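Spelled out from the first residue to the last, the chains are:
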Amino acid sequence: MSQNIDQNEIDKFSQLAADWWNPNGKCKPLHIINPLRVDYVKQKCGALTNKSVLDVGCGGGILSESLAKLGANVTAIDLADESLSVAKIHATQSGLFIDYIKQTVEDHAQQHLAGYDVITCMELLEHVPDPFSIIQACGKLLKPGGKLFLSTINRNQKAKLLLIYGAEYIARLVPKGTHDFNRFIRPSELMSWIELAGLDVKDIVGMEYHLLKNEFKLGPNVDVNYIITAQKSD
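Calculation criteria
- Residues numbered from 1 in each chain as written.
- Predicted model: local features only at pLDDT ≥ 70, side-chain atom pairs only at ≥ 80, totals over all residues.
- Heavy atoms only, no water.
- Pairing = 2+ DSSP bridges.
- Helix = DSSP H or I, 4+ residues; strand = E, 2+ residues; numbered from the N terminus.
- Right-handed = clockwise from strand over helix to strand, strands pointing away.
- Axes fitted to C-alpha atoms, helices over the stretch in contact; angles between N-to-C directions.
- Parallel < 35°, antiparallel > 145°, perpendicular 65-115°, else oblique.
- Left-handed = near helix turned anticlockwise from the far one by under 90°.
- Contact = heavy atoms within 4.5 Å.
- Nonpolar A, V, L, I, M, F, W, Y, C, P; charged D, E, K, R; others polar.
- Phe/Tyr/Trp six-rings, centres within 6.5 Å; stacked < 30°, edge-to-face > 60°.
- Buried < 20%, exposed > 50% of the residue type's maximum accessible area, 1.4 Å probe, protein only.
- Salt bridge = Lys/Arg side-chain N within 4 Å of Asp/Glu carboxyl O.

Draft legend 1. A look at the pairing of strand S5 (residues 142–153). Direction of pairing for strand S4 (residues 116–122) relative to S5: parallel, over a ladder of six bridges. Pairing of isoleucine 119 across the sheet is with leucine 148, part of S5. With helix H6 (residues 131–141) bridging S4 and its parallel neighbour S5, the resulting β-α-β unit is right-handed. Of the strand pairs in this sheet, S5 and strand S8 (residues 225–231) are connected by seven bridges, and their pairing is antiparallel.

Written as structure tokens, this is what we have:
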């Protein structure tokens, strides 16, 4: 297995396993933003029916299931056994077939070159030692013309204030210690890695959290959370 992993991060998310599908629990923010992410992917890809989709760092399968419900043939990978177990059980209960695999994306790329129309990698890059390695592997996994969706967190004082002090310590939207400011990624850095991986940046959009309304919205402000769409040339 490739070693682009941080066991402490895996253990951290393993502890959330029992709460993955509780919309009012520790994973509540993921349930709030999931419809936005799904709508954005649909907007950029069109119909997903029968398209091969890979969800990298799938956790308990919140995004994976939404993509499967749109008719995609979904493969989902993660390294946390507990999260994968929850994901498999929930998919079965939901009447969905999703191919859940415990594997790094680098190792998956060695076996499935140019195997996917769409790849999603949401909120993973800031939890691994080498984010560029993830992007390189995703580039290898994409079919020509395939699209990659990457979401992460900008590295600036505003993001630190809102996501660490605000979300973790004040609003308690996520458990304390979820984020490491030093691993946040500026859009310019991420776009540079995408290009180095031989992909083209197609779009960038921000996800803004409105505390009083307790909701996220997509918009042009990429100061904190953001999503980038990349594409492999035909």
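So, next bit.
Draft legend 2. Highlighting the packing of H6 against helix H8 (residues 187–196). H8 packs onto H6 with a crossing angle of 40 degrees between their chain directions and a minimal axis gap of 9 Å. Classified by the interaxial angle, the pair formed by H6 and H8 is oblique. Our pair here, H6 against H8, has a crossing hand that is right-handed. Residues Pro131, Phe132 and Ile135 of H6 lie in contact with H8, whose contacting residues are Leu190, Trp193, Ile194 and Leu196. Grouping the amino acids of the contact of H6 with H8 by side-chain chemistry returns seven nonpolar, no polar and no charged.

Draft legend 3. Spotlight on the packing of aromatic side chains. Under the criterion given, the structure shown has two aromatic pairs. Measuring from ring centre to ring centre gives 5.9 Å for tyrosine 40 and phenylalanine 149, while their planes differ by 80 degrees; the resulting arrangement is edge-to-face. Placement of the pair is tyrosine 40 in helix H2 (residues 28–45) and phenylalanine 149 in strand S5, with a sequence separation of 109 residues. Looking at tyrosine 40, the relative accessible area reads 3%, which means it is buried. Relative accessible area serves as the criterion here: at 0%, phenylalanine 149 is assigned to the buried category. Pairing phenylalanine 181 with phenylalanine 184 gives two aromatic rings, centres 5.7 Å apart and planes at 70 degrees, and the pair type is edge-to-face.

Draft legend 4. Structural context of the pattern of salt bridges. Scanning all chains against the criterion turns up 10 salt bridges. Here aspartate 6 and arginine 183 are joined by a salt bridge, their closest N and O atoms 2.9 Å apart. Taken together, the residues aspartate 6 in the segment before helix H1 (7–14) and arginine 183 in the loop between helix H7 (157–170) and H8 connect sequence positions 177 residues apart. Judged by its relative accessible area of 23%, arginine 183 falls in the partly exposed class. The residue lysine 44 makes a salt bridge to aspartate 203 at a minimum N-O spacing of 3.4 Å. One end of the pair, lysine 44, is in helix H2; the other, aspartate 203, is in strand S6 (residues 200–210), with 159 residues separating them in the sequence. By relative accessible area, which is 22% here, aspartate 203 ends up partly exposed.

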